[in-house]
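Secondary and tertiary structure notes
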Amino acid sequence: MIITRQLTRLSLAAVLVGLSLAAHARSQPDASATADIRRTSFGVPHIRADNERGLGYGIGYAYAQDNLCLLANEITTVNGERSRYFGPEQFTVEERENQVSDVFFNWLNTPQAVAAFWQAQTPEVRDLIEGYVAGYNRSLAERRAQGLPQQCQGEWVRDITAQDLVKLTRRLLVEGGVGQFAEALAGATPPKTVAQNTQASAQFQLAAARIQRFALDRGSNAVAVGSERSFNGRGMLLANPHFPWVGGMRFYQMHLTIPGKLDVMGAALPGLPMINIGFNQHLAWTHTVDSSKHFTLYRLQLDPKDPTRYLLDGKSLPMKQQTVTVKVKQPDGQTRAVSRVIYSSQFGPIVQWPGKLDWDNQFAYSLRDANLDNDRVLQQWYAMNRAVSLKELQASVHKIQGIPWVNTLAADDQGQTLYMNLSVVPNVSADKLAACSDPRAGLQMIVLDGSNSACAWDIDPAAAQKGIYASDTLPQLLRKDFVQHSNDSAWMANPAQPLTGFSPLISQDSQPLGLRSRFALDRLATLNKTGPIAAADLQQMVMDDQVYQATQVMPDLLKFCAEDLGADAPTLTPLCASLKAWDRNANLDSGVGFIHFQNVMEALQESPDVWRVVFDPKDPQHTPRGLAVERAEVAKAVREAMLASVESVNTSGLKTDSRWGDIQVVSSGGQQTPIHGGPGTLGVYNAIQSVPRTDGKREVVSGTSYLQVVTFDDKGPQAKGLLAFSLSSDPASKHANDQTQAFSKKQLSVLPFTEQQITSDPQYQAQTIREQDEKAAKVAKQ
């Protein structure tokens, strides 16, 4: 029998996974799991078990009850099997072509990588995962007996494994890095004369749009208030993550308890048996997408004799070649194998982006993602879930360093607040960056010299992983007044104590702040004049839907409208009237003036010199501001933007009495629900991303997702919140639209945390599930 080297490696990895699972099962004489699932209003599950396996069992079971099809679809994606079941030219939820997605995930989730990740997990994390798998599979079996939902009927829906959840986690890890370059990785080929086809160009246009939208679709706001500013001298936290409303990044709300060990409530991403953002008895925390770099590119100097070889310190080295095979469904229903060679250097896979990262006979580009070696992320979140103090939470992040691409903000019952930009960041100092990169490339995407080994990431023995910064070198701030963050750098987490002097890969200071950060700082300053901050104040920061940019420019737009509009007066007068009548908010009843404002300001973004007061790093909270409409070139730009907006509004069929709530909606649970909020780029703290539909409406795709406001008293946490898109993604579920309706009405609910709150909830229901009962039922059927 002939066994190839590649097959040997694959088989070995599979054997390792199997041995690991078997050994772990042997180490536990009684692997049977039991969980109590108590549901309260909106179907929120409160899951209680005696150990991690039982807790995972309850989580997986409850999640499948609410989101069976969603997880089944994501499992198909991360296994690289979409082309096999749905065809190569269909698209994922993220608008990525199936075959490209499959090539990427088969490259990412090799058996070796999955086995190594699993081996690195603690027994507690393994128990949670294995319990989750068993609970999900039980729920799936019950649903099969009843009949699967229409949207997930097919052979692609199957029992899941621990490896599947590892693959989901690895997908999450690279969201801030190589995951944004799937097309560039899957399409990288050695230089040849054949021009790139139109279809590939279209793929890269979509990919570019996704990268540009990454921070918008996965942005966040957070405010932690300490004893010096809070109404009762204890900590307060506003958590306002902005994540996709569909797909593998859609949050799930739950409460997890292991008596004497764990009691935590909040939200988690699909397939994760722990809380990502939440609170426990003593503290509350949240995350915001950071501005740090989590990958670098390397420009390779190629061997003139062979474009699949590169020069490092003058020596010619061959690129590694990995063959990835995807099963592709044919028009006749049969499948055929399609293979793709992925090339890589010692710095990572080759990525090719036409016009940006070209692979020619002289250069190619490798991408090194720091989170590919992060096998600590699940341990990190579980340690945070169990932390009993802010000090313990901070210590866990310092030690484990498992946070992938987000900041952490927290507050505790002692009145302390904490900001940490302690994610996984390549160890590239400012000096190394200056020596190893072309300054003309800027800092948006870091490109280092791949021909010089001295340009490799530095290694700090104090770091949890080779090639990343150690925790004590990263930005962090412990204060008793407040910390805040809205996806800018760490610089202005609190202006009273600017965080400066870091490598540009970590944090860049003296840069313009986003409008959401400026709004938050402005609102906190205003509240400081009126007295202590209450929970309602934090809630209103999101729910009043103020368009902060309107406070900066509306006087100038109205001034322009008051001037002689000349021949354009008949066209522009209705627009000007709508601007004047607009309430400067993104409420459901805000008028068509808000649409015109969005259109005008989006157009003016293309003209950076429109500001009356330009950005001043000494006054980042208040600059830039004002439109210099008295300058001819600015007046011209404003006029052109207004005329274009009138045409756009007329084309879309909007009327002068149209309201924002008639336009921005979400389709869920068989209903269309009006959604308030608007573009974060305009300074709307309640950032909502929506995309145009063919009927003139806009469909919400991301934005405010899980929302929590947490305070503390002598009894523990007092929390209000909601899950904006509701708990279930199943249109037939009664919990597919209920919280969405509450969000539309700006109605936050108490989050039941204590036993008394849970059992007295008017919608309280309880269920106990036992793995041994499930096994007995299977035996009885045989």
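Throughout this document, residue positions are counted from 1 along each chain, in the order its sequence is written. Given that the model is predicted, a residue must reach a pLDDT of at least 70 before its local features are reported, and side-chain atom pairs must reach 80 or more before they are shown or counted; all residues, however, enter totals for whole chains, interfaces and linings. The side-chain quantities take in all heavy atoms of the structure and omit both hydrogens and water.

Describing the packing of helix 6 (residues 123-146) against helix 10 (residues 377-386)
In this analysis an axis means a line fitted to C-alpha atoms, helices contributing only their contacting stretch, and an angle means the value between N-to-C directions, from 0 to 180 degrees. Elements are defined by DSSP. Helices are runs of H or I of four residues or more, strands are runs of E of two residues or more, and each kind is numbered from the N terminus. Relative orientation of the contacting elements helix 6 and helix 10 amounts to 95°, with a least axis distance of 10 Å. As far as their axial angle goes, helix 10 and helix 6 are roughly perpendicular. On the side of helix 6, the interface is formed by Glu 124, Val 125, Leu 128 and Ile 129, while helix 10 contributes Leu 378, Gln 379 and Tyr 382. Any angle between 65 and 115 degrees counts as roughly perpendicular, while under 35 counts as roughly parallel, over 145 as roughly antiparallel, and the rest as oblique. The criterion used for residue contact is that any of the two residues' heavy atoms lie within 4.5 Å.

Considering the sheet that holds strand 13 (residues 335-345)
The antiparallel open sheet is built from three strands, whose spatial order is 12-13-14. Two strands lie at the open edges of the sheet, namely strand 12 (320-329) and strand 14 (348-349), each paired on one side alone. Here strand 12 runs beside strand 13; their pairing, made up of 10 bridges, is antiparallel. Residue pairing for strand 13: Val 326 is matched across the bridge by Val 338. For two strands to count as paired, DSSP must find a minimum of two bridges between them.

Quick word on the sheet that holds strand 7 (residues 277-280)
Spatial ordering of the open sheet is given by 19-17-16-8-7-6-5-2-1-30, a layout of 10 strands whose pairing is mixed. Each end of this open sheet is capped by a strand with a single partner; those strands are strand 19 (476-479) and strand 30 (765-770). If you compare each strand with its neighbour and ignore which way they point, the axes differ by 15° on average. Sheet analysis places strand 1 (residues 34-39) next to strand 30, joined by six bridges and oriented antiparallel. Following the sheet pairing, Arg 39 is matched in strand 30 by Gln 765. Together, strand 8 (283-289), strand 16 (406-412), strand 17 (417-420) and strand 19 form the strand contacts of helix 11 (residues 390-400), whose direction differs from that of strand 17 by roughly 10°.

A word on the environment of Glu 175
Topologically, Glu 175 is positioned in the loop between helix 7 (162-173) and helix 8 (182-186). A relative accessible area of 12% places Glu 175 in the buried class. Each C-alpha atom of the pair Glu 175 and Pro 404 lies 9.0 Å from the other, and the pair is 229 residues apart in sequence. The cut-offs for exposure are 20% and 50% of the maximum accessible area for each residue type, with area from a 1.4 Å probe on protein chains only; residues under the lower value are buried, those over the upper are exposed, and the others partly exposed.

Section: the state of the cysteines
The bond known as a disulfide is covalent and runs between the sulfur atoms of two cysteines. A pair of sulfur atoms, both from cysteines and within 2.5 Å, is called a disulfide here. This model, assessed by the stated rule, comprises three disulfides. With its sulfur 2.1 Å from that of its partner, Cys 69 forms a disulfide with Cys 152. Since a negative S-S torsion denotes a left-handed disulfide, the Cys 69-Cys 152 link at about -50° is left-handed. Of this pair, Cys 69 sits in helix 2 (residues 52-78) while Cys 152 sits in the loop between helix 6 and helix 7, and the two are 83 residues apart along the sequence. In terms of burial, Cys 69 and Cys 152 fall into one category: buried. Of note for the protein: the bonded cysteines, numbered N- to C-terminal, pair according to 1-2, 3-4, 5-6.

Concerning the packing of aromatic side chains
Planes of paired rings set the category: under 30 degrees apart is stacked, over 60 is edge-to-face and the rest tilted, where pairs are Phe, Tyr or Trp rings (Trp by its six-membered ring) whose centres lie within 6.5 Å. By the definition in use, this model includes 18 aromatic pairs. Relative to Trp 353, the ring of Phe 181 lies with its centre 5.9 Å away and its plane at 75°, an arrangement referred to as edge-to-face. Separated by 172 residues along the polypeptide, Phe 181 in the loop between helix 7 and helix 8 and Trp 353 in the loop between strand 14 and strand 15 (363-369) bring together distant segments of the chain. Of the two residues examined, Phe 181 and Trp 353, each falls in the buried class. Summarising the aromatic geometry, the rings of Phe 594 and Trp 660 are spaced 4.9 Å apart at their centres and angled 80° between planes, so their arrangement reads as edge-to-face. Taken as a pair, Phe 594 in helix 17 (residues 593-604) and Trp 660 in helix 19 (residues 660-663) lie far apart in primary sequence, 66 residues in all.

A short note on the packing of helix 13 (residues 515-530) against helix 15 (residues 548-562)
Running from N to C, helix 13 and helix 15 cross one another at 95°; their axes reach a closest spacing of 8 Å. Taken together, the axes of helix 13 and helix 15 are roughly perpendicular relative to one another. Here Leu 515, Arg 518, Phe 519 and Asp 522 of helix 13 lie close against helix 15, whose contacting residues are Tyr 548, Gln 549 and Gln 552. Across the contact of helix 13 with helix 15, the residue classes break down as three nonpolar, two polar and two charged. Side-chain classes are defined by residue name, with Ala, Val, Leu, Ile, Met, Phe, Trp, Tyr, Cys and Pro counting as nonpolar, Asp, Glu, Lys and Arg as charged, and the others, Gly among them, as polar.

A short note on the confidence of the model for the protein
Residues of the protein with pLDDT of at least 70 account for 93%, and the chain-wide mean is 93. Per-residue confidence from the prediction method is given by pLDDT, with values spanning 0 to 100. Throughout residues 1-29 the model reports pLDDT below 50, and contacts reaching past four residues in sequence, or to other chains, amount to 23 contacts. Low pLDDT, under 50, characterises residues 193-198; the predicted model gives this stretch three contacts beyond four residues in sequence or across chains.

Observations regarding the pattern of salt bridges
In the sections that follow, a salt bridge refers to a side-chain nitrogen of Lys or Arg positioned within 4 Å of a carboxyl oxygen of Asp or Glu. Within this structure, the stated rule accounts for 27 salt bridges. Among the ionic pairs, Arg 639 bridges to Asp 568, the shortest N-O distance being 3.0 Å. Residue Arg 639 is located in helix 18 (residues 632-651), and its partner Asp 568 is located in the loop between helix 15 and helix 16 (569-581); the two are separated by 71 residues in the primary sequence. Overall, the relative accessible area of 22% leaves Asp 568 in the partly exposed class. Taken together, the shared-partner salt bridges connect Asp 36, Arg 38, Arg 48 and Glu 755 into one network.

Section: the pairing of strand 7
Neither face of strand 7 is exposed, since Ile 277 and Phe 279 on one face and Gly 278 and Asn 280 on the opposite face are all buried. With four bridges connecting them, strand 6 (residues 262-268) and strand 7 associate as antiparallel partners. Bridging from a neighbouring strand, Ala 267 pairs with Ile 277 of strand 7. Examined bridge by bridge, strand 7 and strand 8 share two bridges and lie antiparallel to one another. Note that in strand 8 the partner of Phe 279 across the bridge is Ala 284. Following strand 7, the chain reverses through two residues before pairing antiparallel with strand 8.

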